[in-house]
Amino acid sequence: MIETKGLIKTIGDKMVLRGINLSIKKGESVAILGPNGAGKSTILKIISGLIKATSGEVLIDGITLKRDSYDQKRKIGFLAHNSFLYDHLTPLENLIFFGKLYGVENVEEKAKQLVADVGLSFFIHDPIRSFSRGMLQRIAIARAIIHDPEILLFDEPHTGLDQHAIKLLNEVIMNMKAKGSTIVMVTHDFHQAVETCDRVIIFKNGKLVEDISNVANNLELVNAKYTEQVTSL
Ligand SMILES: Nc1ncnc2c1ncn2[C@@H]1O[C@H](COP(=O)(O)OP(=O)(O)O)[C@@H](O)[C@H]1O
Ligand SMILES: [Mg+2]
């Protein structure tokens, strides 16, 4: 369960988030849509504990999020624009490094399996500095889920991926969903949103302007609401 209460973020003299109240139940899958600059990445960073809100609070399973809480962070898998990966390490070394950080058991085995799951076994021992954007994104996805997080925060996960990798990513998301994970995904791809999520939230100018349930496979509804809230003005 994720809750935000009166979340406000100001950066310089700009109010990036203007009082966000949100409640996401365990096992829900939510897509966040909205134009560039709406505050989507900012709210994910705050929920992940990466940055602090100016005021308001985030609760994870009823407990106020503390930036230095290992137990809370362990529950969360965050795929950000920044991959957090190390250039000079191979996919396997990167995953083992992050797995150890989270105290993952049988970490080598788990890391190898994930490299295979994201289709990069052939490159398992190559330093990632030579990887294409899509390959890096595949490893970043594996990194975000190495500790089997209960909560997945994905910021534009489909960006840079080829068709095959999009299929792999959707399988990863659906698997995590089947395990009961909570998923919050920022995307500009409405099609992917309704394919993998049950609920869509629309952000605009730092505000939550639309919250639609039961959107699974209902692209028309999402398009109509988005046009109403964003495109038509
Ligand atoms: N570190 C930062 N410094 C200055 N402005 C920022 C910073 N991070 C975000 N912003 C501003 O906050 C607003 C929201 O950004 P962001 O959450 O990244 O939007 P989105 O992900 O919806 O495109 C934008 O106007 C952006 O310029
Ligand atoms: Mg963003």
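Only a predicted model underlies this, so the values are computations on that prediction, with no experimental measurement involved.

K.L.:
What is the right way to read the overall build of the protein chain from this model?
P.N.:
Broken down by element type, the protein chain carries eight helices and ten strands. Taken over C-alpha atoms, the radius of gyration comes to 17 Å for the protein chain, in line with the 17 Å a tight globule of 233 residues would show. By principal-axis analysis of the C-alpha atoms, the protein chain measures approximately 50 × 40 × 35 Å. Counting across all 233 residues of the protein chain, residues that qualify as buried make up 51%. Relative to all contacts within the protein chain whose residues are 6 or more apart in sequence, the contacts with residues 24 or more apart total 63%. In the protein chain, the 28 positive side-chain charges and the 27 negative ones have mean positions that sit 5 Å from each other.

K.L.:
What is the right way to read the pairing of strand S4 (residues 55–60) from this model?
P.N.:
In regular strands, side chains alternate between the two faces of the sheet. The sheet contact formed by strand S1 (residues 2–11) and S4 spans five bridges and is antiparallel. Its bridge partner being in S4, Lys5 is matched across the sheet by Glu57. Bridge count for S4 against strand S5 (residues 63–64) is two bridges, and the pairing is antiparallel. Following the sheet pairing, Ile60 is matched in S5 by Ile63. Taking the residues that link successive antiparallel strands as the turn, the S4-S5 hairpin has two residues, and the phi of Asp61 there is positive, at about 50°.

K.L.:
Teacher, can you tell me more about the site of ligand 1 here?
P.N.:
Around ligand 1, the neighbouring residues are Ile11, Lys14, Val16, Pro35, Asn36, Gly37, Ala38, Gly39, Lys40, Ser41 and Thr42. A distance of 2.7 Å separates an oxygen atom of ligand 1 from a polar backbone atom of Gly37. One nitrogen or oxygen atom from the main chain of Gly39 is found 3.0 Å from an oxygen atom belonging to ligand 1. In the complex, the protein chains occlude 61% of the 560 Å² of accessible area that ligand 1 would expose alone. Of all the secondary-structure elements, those providing two or more residues to the shell around ligand 1 are strand S2 (14–24) and helix H1 (40–48). With three residues, H1 is the largest single contributor of residues to the shell around ligand 1. Among the residues making up the shell around ligand 1, the classes are represented as four nonpolar, five polar and two charged.

What counts and how
Residues numbered from 1 in each chain as written. Chains lettered and ligands numbered in written order. Predicted model: local features only at pLDDT ≥ 70, side-chain atom pairs only at ≥ 80, totals over all residues. Heavy atoms only, no water. Helix = DSSP H or I, 4+ residues; strand = E, 2+ residues; numbered from the N terminus. Rg over C-alpha atoms; globule rule 2.2 N^0.38 Å. Buried < 20%, exposed > 50% of the residue type's maximum accessible area, 1.4 Å probe, protein only. Contact = heavy atoms within 4.5 Å. Lys, Arg positive; Asp, Glu negative; His and termini not counted. Charge placed at Lys NZ, Arg CZ, Asp CG, Glu CD. Pairing = 2+ DSSP bridges. Near = heavy atom within 4 Å. Polar contact = N/O pair within 3.5 Å; in protein donor to acceptor, adjacent residues only side chain to side chain. Areas by Shrake-Rupley, 256 points an atom, 1.4 Å probe, with all protein chains shown as cover. Nonpolar A, V, L, I, M, F, W, Y, C, P; charged D, E, K, R; others polar.

That's the geometry; what it means functionally is another story.
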